[in-house]
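Okay, here's what each chain looks like letter by letter:
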Amino acid sequence: MSEQKWNIERVHKEVAEARTKVSVIAKVLETADLKPAEHAEWVLLIRPLLKDLIQNAERIGTLLDEPKGEEKD
């Protein structure tokens, strides 16, 4: 089966799902009695994810602000 093509609807769906998942992680950490120090492997997974989220959010923000058709350096 071929992979679904990227379009604005698919981007919207993926962003909505990602936002939900990140919100769930934040809420669980906020409300549950989890101690990250007791789950070092989980922290090793989450830290790089957070770094990637921050970097990609900055890139996306820049791309959204950039006028369409403008040359990139």
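Everything that follows concerns the structure shown earlier in this document.
Residues numbered from 1 in each chain as written. Predicted model: local features only at pLDDT ≥ 70, side-chain atom pairs only at ≥ 80, totals over all residues. Heavy atoms only, no water.

Quick one: what's the story with the overall build of the chain, residue by residue and with numbers?
Helix and strand content of the chain: 2 helices and 0 strands. In terms of overall dimensions, the chain is more spread out than a globule: its C-alpha atoms have a radius of gyration of 17 Å, far above the 11 Å expected for 73 residues. Buried positions account for 3% of the 73 residues belonging to the chain. As presented, the chain carries roughly 7200 Å² of accessible surface, and 60% of it is formed by carbon and sulfur atoms. Of the side-chain charges in the chain, 12 are positive and 15 negative, and the distance between the mean point of each set is 4 Å. (Helix = DSSP H or I, 4+ residues; strand = E, 2+ residues; numbered from the N terminus. Rg over C-alpha atoms; globule rule 2.2 N^0.38 Å. Buried < 20%, exposed > 50% of the residue type's maximum accessible area, 1.4 Å probe, protein only. Areas by Shrake-Rupley, 256 points an atom, 1.4 Å probe, with all protein chains shown as cover. Lys, Arg positive; Asp, Glu negative; His and termini not counted. Charge placed at Lys NZ, Arg CZ, Asp CG, Glu CD.)

Provide a residue-level description of the pattern of salt bridges, including the pertinent values.
Following the criterion strictly, the structure yields 4 salt bridges and no others. The shortest N-O distance in the salt bridge between Arg 10 and Glu 3 comes to 3.3 Å. Owing to a relative accessible area of 11%, Arg 10 belongs among the buried residues under this scheme. What makes Glu 3 exposed here is its relative accessible area of 61%. (Salt bridge = Lys/Arg side-chain N within 4 Å of Asp/Glu carboxyl O.)

Describe the side chain of Arg 10, listing the residues and the values that go with them.
The residue Arg 10 is located in helix H1 (residues 8-31) in this model. Not counting the four nearest positions on each side in its chain, Arg 10 is found in contact with Glu 3, Gln 4 and Lys 5. (Contact = heavy atoms within 4.5 Å.)

Which residues make up the environment of Ala 40, and what values go with them?
Looking at where Ala 40 falls in the secondary structure, it is placed in helix H2 (residues 40-65). With 13 residues separating them along the chain, Ala 40 and Leu 53 place their C-alpha atoms 20 Å apart.

Lay out H1 with the relevant residues and their values.
In a regular helix each residue adds 1.5 Å, so 24 residues correspond to 34 Å; H1 covers 34 Å between its end C-alpha atoms and thus fits that length. Where H1 starts, the residue carrying a side-chain oxygen 3.1 Å from the main-chain nitrogen of Glu 9 turns out to be Asn 7. (Expected span 1.5 Å × (residues − 1). Polar contact = N/O pair within 3.5 Å; in protein donor to acceptor, adjacent residues only side chain to side chain.)

Explain the packing of aromatic side chains residue by residue, including any values.
Any pair of aromatic rings gets described here by the distance separating the centres and the angle formed by the planes. Following the criterion strictly, the structure yields 0 aromatic pairs and no others. The aromatic ring of Trp 6 is capped on one face by Arg 10, whose charged end is 3.7 Å from the ring centroid. (Phe/Tyr/Trp six-rings, centres within 6.5 Å; stacked < 30°, edge-to-face > 60°. Lys NZ or Arg CZ within 6 Å of the ring centre and 35° of its normal.)

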